[in-house]
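Okay, here's what each chain looks like letter by letter:
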Amino acid sequence: MCVTCGCSDAESVTLTDPVTGEKLTMSRGDHEHAHEHSAAHEHAHGAATPAGDHGHSHGYEPSHSPDHDAVHDHGHDHAHPHTHAHPHTHDHGHSHGHAYSHAHSHGHAHTSGHGHDVRQQAHTHAGAHSDSAALHADRRGTILALEQNILAKNQLLAERNRGWLAGRDILALNLVSSPGSGKTTLLERTIRDLQADLAINVIEGDQATAHDAQRIRAAGAKAIQINTGTGCHLEADMLARGLQALQPPPGSVVMIENVGNLVCPALFDLGERAKVVILSVTEGEDKPLKYPHMFKASEVMLLNKIDLLPHLEFDVERCIAYARQVNPGISVFRVSAQTGEGMSAWYAWLRSQAAAAGRIAS
């Protein structure tokens, strides 16, 4: 389970090419990769970065074995002399829960080609026997530390993605919203209206199905579908895999349609230029106050479905005021992806950002 948001990290993540139907599966928090160098090295498993970012050559077949010239010894030899305060002794390499406390004196003889740092540990055992990691008296501190580690690792991978994109003059935007806001419809119209001006490629994020990627392809753009299983957001390593499969050309635009959720995607930087939050007038004008982190993290708010305003009780000015109360610098465009009303202002902003991406990268 992901400590940061509570979604499962045991579920596999699937990338689907809507053209070929090919599915590439990776486990969340893990990936296989091949090394083309023979020097000894350290690496963190679970990192996936676009090619050209470092000395690792990443393959994205469903499964394959690492090809190491160097020998990696994963047979960790641990010598654990235990001194127990109770009459029986036992050897173990994992966390036990007992109704008593005892001290261990650990001497570790550790051999590994990955240079793992294994330290002497003191164990306090309490609670029931469990296969999952037990949280003891410092449970709150442990959760905080794990959350910081998860976000720090994601941020490192996001920076690698950002460098990869900048090196190719690619503008990447992270589109975030609740389900049903009209993200995909807005993308379809944007692709059709700007196909003569901008090369737009799309990475679609959903828990299941490739429906949205198929819609995007029908609109005229190349798309890759990422299915997160039980995951409620995209993460930087998923984007790296998506970029490898998508291979967007230099100078293009990559639209990342995140999983429909106004909470967790606010926490995870993917390496994008900016977050664009889509809020529909059918959702209620107080959403920026209810979900402040998302609106604070976003540079642009697209207030969508304004063609429905005559049929709703929705205070547009109050909604915008709430958004700017949370984020004074947020840009707001009132649009209807269905009728095209207000879309020209959004397109002008998009063109300016695409032009700036090239100038900044150069």
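Note: the structure precedes this text.
Residues numbered from 1 in each chain as written. Predicted model: local features only at pLDDT ≥ 70, side-chain atom pairs only at ≥ 80, totals over all residues. Heavy atoms only, no water.

*Asks:* Got a sec to walk through the overall build of the chain? Specific residues and values, please.
*Replies:* Each helix and strand in the chain was counted, giving eight helices and eleven strands. Out of the 362 residues in the chain, the part that is buried amounts to 45%. When contacts within the chain are restricted to residue pairs at least 6 apart in sequence, those whose partners lie at least 24 apart make up 70%. (Helix = DSSP H or I, 4+ residues; strand = E, 2+ residues; numbered from the N terminus. Buried < 20%, exposed > 50% of the residue type's maximum accessible area, 1.4 Å probe, protein only. Contact = heavy atoms within 4.5 Å.)

*Asks:* Outline the pattern of salt bridges, listing residues and values.
*Replies:* Under the criterion given, the structure shown has eleven salt bridges. Two residues, Arg162 and Glu159, come together in a salt bridge whose shortest N-O distance is 3.1 Å. Taken together, the positions of Arg162 and Glu159, both in helix H1 (residues 139–166) and three residues apart, correspond to about one turn of that helix. Look at Arg162 and you get partly exposed, because its relative accessible area is 27%. Here Glu159 falls in the partly exposed class, since its relative accessible area comes to 40%. Where Glu272 meets Lys275, a salt bridge forms, and the shortest distance between an N and an O atom there is 2.8 Å. Both residues of the pair, Glu272 and Lys275, count as buried. Ionic contacts of the salt-bridge type, sharing partners, join the residues Glu159, Arg162 and Asp269 into one network. (Salt bridge = Lys/Arg side-chain N within 4 Å of Asp/Glu carboxyl O.)

*Asks:* Any details on unusual backbone geometry? Residues and values, ideally.
*Replies:* Its identity is not glycine, yet Gln247 carries a phi of approximately 50°, on the positive side. Although it is not a glycine, Lys305 sits at a positive phi angle of roughly 65°. Mapping Lys305 onto the fold places it in the loop between strand E10 (300–304) and helix H7 (316–326).

*Asks:* Account for helix H3 (residues 211–219), with residues named and values stated.
*Replies:* Among all positions of H3, only Asp212, Ala213, Ile216 and Ala219 are buried. For H3, the angular spread of the buried residues around the axis is 115°, confining them to a single face. Opposite the packed face of H3, turned more than 90 degrees from it, sit the exposed residues His211 and Ala218. Looking at the buried positions of H3, the neighbouring elements they touch are helix H2 (183–194), strand E6 (200–206), strand E7 (222–227) and strand E8 (253–257). Within two residues after H3, Gly220 carries a phi angle of roughly 115°, on the positive side. (Arc of directions from axis to C-beta.)

*Asks:* Summarise the packing of aromatic side chains; cite the residues concerned and give the values.
*Replies:* Scanning all chains against the criterion turns up one aromatic pair. A centroid spacing of 5.8 Å and a plane angle of 15° characterise the contact between Trp346 and Trp349, whose relative ring orientation is stacked. Linking Trp346 with Trp349, this pair stays in helix H8 (residues 343–361), spanning three residues, or about one helical turn. Pair check on accessibility: Trp346 and Trp349 agree, each one buried. (Phe/Tyr/Trp six-rings, centres within 6.5 Å; stacked < 30°, edge-to-face > 60°.)

*Asks:* If you had to explain the nonpolar core to someone new, which residues and values would you point to?
*Replies:* In terms of nonpolar packing, the biggest core is built from 32 residues, with Met255, Leu302, Trp346 and Leu350 touching the most fellow members. Every element with two or more residues in this core is listed here: strand E5 (171–176), H2, E6, H3, E8, strand E9 (274–280), E10 and H8. Per-element tally for this core: the top contributor is H8, with seven residues. Among the nonpolar cores identified, the runner-up in size contains 19 residues, and Leu262, Leu279, Val281 and Val316 belong to it. (Core = buried A, V, L, I, M, F, W, Y, C linked by side-chain atoms within 4.5 Å.)

*Asks:* Go over the pairing of E10 with me, naming the residues and quoting the values.
*Replies:* In terms of residue burial, E10 counts as a mostly covered element, since five of its five residues are buried. Burial along E10 is two-sided: Val300, Leu302 and Asn304 and Met301 and Leu303, pointing in opposite directions, are all buried. Judged from the five bridges that link them, E9 and E10 form a sheet pairing that is parallel. Residue pairing in the sheet places Leu279 in a bridge with Leu303 of E10. Where E10 lies against strand E11 (residues 331–334), four bridges are found, and the strand directions are parallel. (Pairing = 2+ DSSP bridges.)

*Asks:* Just give me the short version of the environment of Ile306, but keep the residues and values in it.
*Replies:* By the element assignment, Ile306 lies in the loop between E10 and H7. Under the relative-accessibility criterion, Ile306 is labelled buried at 12%. It is 9.3 Å that separates the C-alpha atoms of Ile306 and Thr339, two residues lying 33 residues apart in sequence. Those residues within four positions of Ile306 in sequence are excluded, and the remaining contacts are Val281, Arg334, Val335, Ser336 and Glu341.

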